[in-house]
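# Breakdown of the fold
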Amino acid sequence: MSTLDSLRQGLGRLVPGRRVGGIALGLLVLAVMLIGMFWSREPALFDVRERTAMKLVETNSAMVVGSTSTATLIHAAQTLLDKPGGFISNDVMPPGLYLDNIANWEFGVLVQVRDFSRAFRENFSRSQSQSTEDVDLNRAEPKFNFDNNSWLFPASEGEYREAIGFLDSYFARITDPTNESAQFYARADNLASWLLNVESRLGSLSQRLSASVGQSRANTDTAGDAAATQSTPARAEVSVRTPWTQIDDVFYEARGTTWALLHFLRAAEIDFEQVLEDKNAGASVNQIIRELEASQRAVMFPVILNGSGFGVFANPSLTMANYISRANAAISDLRDLLSQG
């Protein structure tokens, strides 16, 4: 056999091998893409009453003031860790590495979990400012504030799982009629304190969402106080616009924020029922919940665009900003009602 014939036979054996390798690589890429699409789905809403009932059955406990809010906080945190794909914000391998939308959704939920757990530690579990902090909540809140991008030594999931364990301990203690070491105080000032923080978070999100459309804004940083000053001078008018690469990031962070807040407010509506009734504030809470429910409607277009406000294409960011602004205004009204005697 000549050298040329040997070369032809070698190439004949090599080409099928390359073809098989190409097909295998294509199937692998397709599988990663399909898994990524599955992992990118936002978790569905859950019934806070149902989750609380399940938690009470698991712990063989009775319904008390605070059990709904605590069970809801626990389940919201567990959703971050146990949803399809688990917690992916700290993933260093595909497909989690490139799934930025669901990662930003996770961050929105995580911020609300952090704020709600801090409200438990600083307000809900204490009878007055001089009271000692609850031992379990004192440990849980710092754990939730651990870096969400840490994938090893320690991993974010491990820290958050420990925080949930401390919340489980607190839940078991407040629902135990023989244990007086843990309490949940449903007072108007406690609820108003948490809502003040919520109002600040939503106000910031609304501004960032609205900035999907470039606009000029008057600088109101020191407005309302003639003696107010700031560290560095600023122009009277500023131009703001969210970079097009961050439009979807802000949108899905807002989606995660409103997802968590919707559940927390539904729980607070139950635990603070007597307070809201005394302040005639039930309608205000219902309006906030309705606006947050509207923000969770299905997104019908696969791409979050940042066109002009009255352009050809819909602008999901402006729509979300509208719902959040309306909810924020209702929260402000609710805080006013709670502050009245």
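Structure: above.
The following paragraphs examine the structure supplied in this document. Remember, it's a predicted structure, so these values are computed and weren't measured experimentally.

### Quick word on the overall build of the protein chain
Scanning the protein chain from terminus to terminus reveals 11 helices and two strands. Scored against the burial criterion, the 341 residues of the protein chain give a buried share of 43%. Across the protein chain, every contact between residues at least 6 apart in sequence was considered, and the portion connecting residues at least 24 apart equals 76%. Total accessible area on the protein chain is roughly 18,300 Å²; 55% of this is exposed by carbon and sulfur atoms.

### Brief notes about the layout of surface pockets
Size it by volume and the largest pocket reaches roughly 400 Å³. Together, 17 residues line the largest pocket, and Ser 40, Glu 42, Tyr 252, Arg 255 and Val 299 are the ones closest to its centre. Elements with a contribution of two residues or more to the lining of the largest pocket: α4 (100-124) and α8 (247-271). A breakdown of the residues in the lining of the largest pocket according to their chemical character gives 11 nonpolar, three polar and three charged. Considered as a void within the structure, the second largest pocket measures approximately 280 Å³ in volume. Lining the second largest pocket are 18 residues; nearest its centre among them are Ala 298, Val 299, Met 300, Pro 316 and Thr 319. At the level of elements, α8 and α11 (316-339) are the ones that each hand at least two residues to the lining of the second largest pocket. Here the element with the most residues in the lining of the second largest pocket is α11; it accounts for four residues. Residue composition of the lining of the second largest pocket, by class: 13 nonpolar, three polar and two charged.

### What about empty space enclosed by the protein?
Following the criterion strictly, the structure yields one cavity of 30 Å³ or more and no others. Empty space within the largest cavity amounts to approximately 40 Å³. Forming the walls of the largest cavity are Leu 191, Leu 195, Leu 265, Ala 268, Glu 269, Leu 276, Val 285 and Leu 334. Top element by residues in the lining of the largest cavity is α8. It accounts for three residues. The residue makeup of the lining of the largest cavity, split by class, is seven nonpolar, no polar and one charged.

### Considering the packing of α8 against α11
Between two packed helices, what matters for the description is the angle formed by their axes and the separation of those axes. Two numbers describe how α8 lies on α11: the axes approach to 10 Å, and their chain directions differ by 30°. Comparing the axis directions of α8 and α11 gives the class roughly parallel. Judged by the sense of rotation from one axis to the other, the crossing of α8 with α11 is left-handed. Residues Ile 247, Phe 251, Ala 254, Arg 255 and Thr 258 of α8 pack against Pro 316, Ser 317, Met 320 and Ile 324 of α11. Split into classes, the residues belonging to the contact of α8 with α11 amount to six nonpolar, two polar and one charged.

Calculation rules
Residues numbered from 1 in each chain as written. Predicted model: local features only at pLDDT ≥ 70, side-chain atom pairs only at ≥ 80, totals over all residues. Heavy atoms only, no water. Helix = DSSP H or I, 4+ residues; strand = E, 2+ residues; numbered from the N terminus. Buried < 20%, exposed > 50% of the residue type's maximum accessible area, 1.4 Å probe, protein only. Contact = heavy atoms within 4.5 Å. Areas by Shrake-Rupley, 256 points an atom, 1.4 Å probe, with all protein chains shown as cover. 1 Å grid on protein atoms, 1.4 Å probe; cavity = no way out; pocket = protein on both sides within 12 Å on 5 of 7 lines; lining within 4 Å. Points joined across faces, edges and corners; volume = space filled by probe spheres on them. Nonpolar A, V, L, I, M, F, W, Y, C, P; charged D, E, K, R; others polar. Axes fitted to C-alpha atoms, helices over the stretch in contact; angles between N-to-C directions. Parallel < 35°, antiparallel > 145°, perpendicular 65-115°, else oblique. Left-handed = near helix turned anticlockwise from the far one by under 90°.

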